[in-house]
Amino acid sequence: MKINEYGKNNQQKILCIPGVFLSGECFSTLAEALPEYHMVCVTMDGFHPGCGEFESPEQQTEKLIAMLKNAGHTEFEAVIGLSMGTIFAVRLAKRPELKIRRLILDGAVNFYRSKYKWVVQTAIYLIFSYFMKSARKNPQKSIKTMRKIYVGDWPEKMQVCMESLSLSSLKVMAEFLSDYKLEPGVKQPMHLLYGEKEDNVSINSEVVWALYPKAEIKVIPGYSHLGFLNHEPDNYAKLVRDFCVKKE
């Protein structure tokens, strides 16, 4: 696990937690668009060279909290979680060691347990392991394929993540992602972003509003998973900025 920081130390902080095959460096363009904030951007274990294994979500949560405390980062204006990172954002929001004022959850990771858990788990494992094998076998082709979806330097950064992840870490993630259910108990204001093309937006929204009826959900037209942040960082920054200055 590692942390990349952007901005001046005396500014309000935003914690950024990416999802599968994404690193903290993927937030660098957003950081440029939000110069008034100090961005603390995490790369989870498994996704960079020389990193540890992704042993469990509990282990990663405790390790992240310890790293943040050691670095003096315990108070955040917001936490932005992408995809799998949304799950960690929810967990951190409930921890007394950290003071988190708002949550921005981006990407329709399943917030419900499917009755077809083993099918979902197997599918995640097979699809992601195929991406990893392809990335190692033909890096340039892998990057070219990712460029059909993502712009800027995301494909190169994602390539590093795909090459670094072990099958044992992937197995843990697949099991975790296929058996997660949105947790109650978050007190902070919550803003959720989905791309219009994500296929579980409707059911996710129902799950969110059942637990958090005051949560704001915004569906971005024309985009799939995490496309809005990647393609329009300036407009994404405006959304973050507007949400952060809104009265609680």
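Basis of the calculations
Counting of residues starts from 1 at the beginning of each chain's written sequence and follows it residue by residue. Thresholds applied to this predicted model are a pLDDT of at least 70 for local features of residues and 80 or more for the giving and counting of side-chain atom pairs; totals over whole chains, interfaces and linings are not thresholded and use all residues. Excluded from the side-chain calculations are hydrogens and water; all other atoms, namely the structure's heavy atoms, are used. Here a strand is any run of E in DSSP of at least two residues, a helix any run of H or I of at least four, and the numbering for each starts at the N terminus. Between the two quantities, the radius of gyration covers C-alpha atoms and the globule rule is 2.2 Å times the number of residues to the power 0.38. Note on contacts: a residue pair is in contact if any heavy atoms of the two residues lie within 4.5 Å. Reported accessibility uses the Shrake-Rupley method at a 1.4 Å probe radius. Residues are deemed covered only where the shown protein chains occlude them. Candidate patch residues must exceed 30% relative accessible area and have no salt bridge, after which like charges are joined if within 9 Å and Val, Leu, Ile, Met, Phe, Trp or Tyr side chains if within 5 Å. For this analysis, a salt bridge means a side-chain nitrogen from Lys or Arg found within 4 Å of a carboxyl oxygen belonging to Asp or Glu. Exposure is judged per residue with a 1.4 Å probe applied to protein chains only, and the accessible area is read against the type maximum: over 50% gives exposed, under 20% gives buried, and values in between give partly exposed. Within this analysis, the arc is defined by the directions that extend from the helix axis to the C-beta atoms. Criterion used throughout: strands pair if DSSP finds at least two bridges between them. By this rule, a helix spans an expected 1.5 Å times one less than how many residues it contains. The nonpolar core is taken to be a set of buried Ala, Val, Leu, Ile, Met, Phe, Trp, Tyr and Cys residues, with the residues joined through side-chain atoms within 4.5 Å.

**Observations concerning the overall build of the chain**
Inference 1: Looking only at helices and strands, one finds ten helices and nine strands in the chain.
Inference 2: On C-alpha atoms alone, the chain measures out to a radius of gyration of 17 Å, which is about the 18 Å that the 2.2 N^0.38 rule sets for 248 residues.
Inference 3: With respect to the three principal axes, the spread of C-alpha positions in the chain is 50 × 40 × 35 Å.
Inference 4: Contacts in the chain between residues at least 24 apart in sequence constitute 79% of all its contacts with a sequence separation of at least 6.
Inference 5: Here the chain has roughly 11600 Å² of accessible surface; of this, 55% comes from carbon and sulfur atoms.

**Let's talk about a nonpolar patch on the surface**
Inference 1: There is a patch of nonpolar side chains on the surface, built from I127, Y130 and F131 and spanning about 310 Å² of accessible area.
Inference 2: Assignment of secondary structure puts I127 in helix α4 (residues 117-137).

**With respect to helix α8 (residues 201-211)**
Inference 1: Here α8 has its buried residues at V201, N204, S205 and V208. All buried residues of α8 lie within an arc of 100° about the axis, which places them on one face of the element. Those residues of α8 that are exposed and angled more than 90 degrees off the buried face are S202, E206 and A210.
Inference 2: In the core, the buried residues of α8 are packed alongside β8 (190-195) and β9 (216-220).

**Describing the pairing of strand β7 (residues 103-106)**
Inference 1: By the alternation rule, side chains of β7 split into L103 and L105 and I104 and D106, which are all buried.
Inference 2: Looking at chain direction, β7 and β8 are connected through four bridges and run parallel. Note that in β8 the partner of L105 across the bridge is L192.

**Some thoughts on helix α10 (residues 233-245)**
Inference 1: For α10, built from 13 residues, the straight-helix expectation of 18 Å at 1.5 Å per residue is met to within 8% by its first-to-last C-alpha distance of 18 Å.
Inference 2: The complete set of buried residues in α10 reads P233, Y236, A237, L239, V240, F243 and C244. For α10, the arc enclosing every buried residue in end-on projection is 160°, short of the 170-degree limit, so these residues lie on one face. Facing away from the buried surface of α10 by more than 90 degrees, the exposed residues are D234 and V245.

**Here we look at the nonpolar core**
Inference 1: Ranked by internal contacts, the top residues of the largest apolar core, which has 84 residues, are F21, I80 and Y236.
Inference 2: Residues in contact with F21, not counting those within four places in the same chain, are F47, F128, F131, M132, M158, C161, M162 and L165.

**Some remarks on the side chain of H191**
Inference 1: Within the secondary structure, H191 sits in strand β8.
Inference 2: For H191, a relative accessible area of 8% translates into the label buried.
Inference 3: Sequence-distant contacts of H191, that is, excluding residues within four places in its chain, are made with L103, I104, L105, E216, K218, L239 and F243.

Geometric descriptors of this kind do not, in isolation, establish any biological role.
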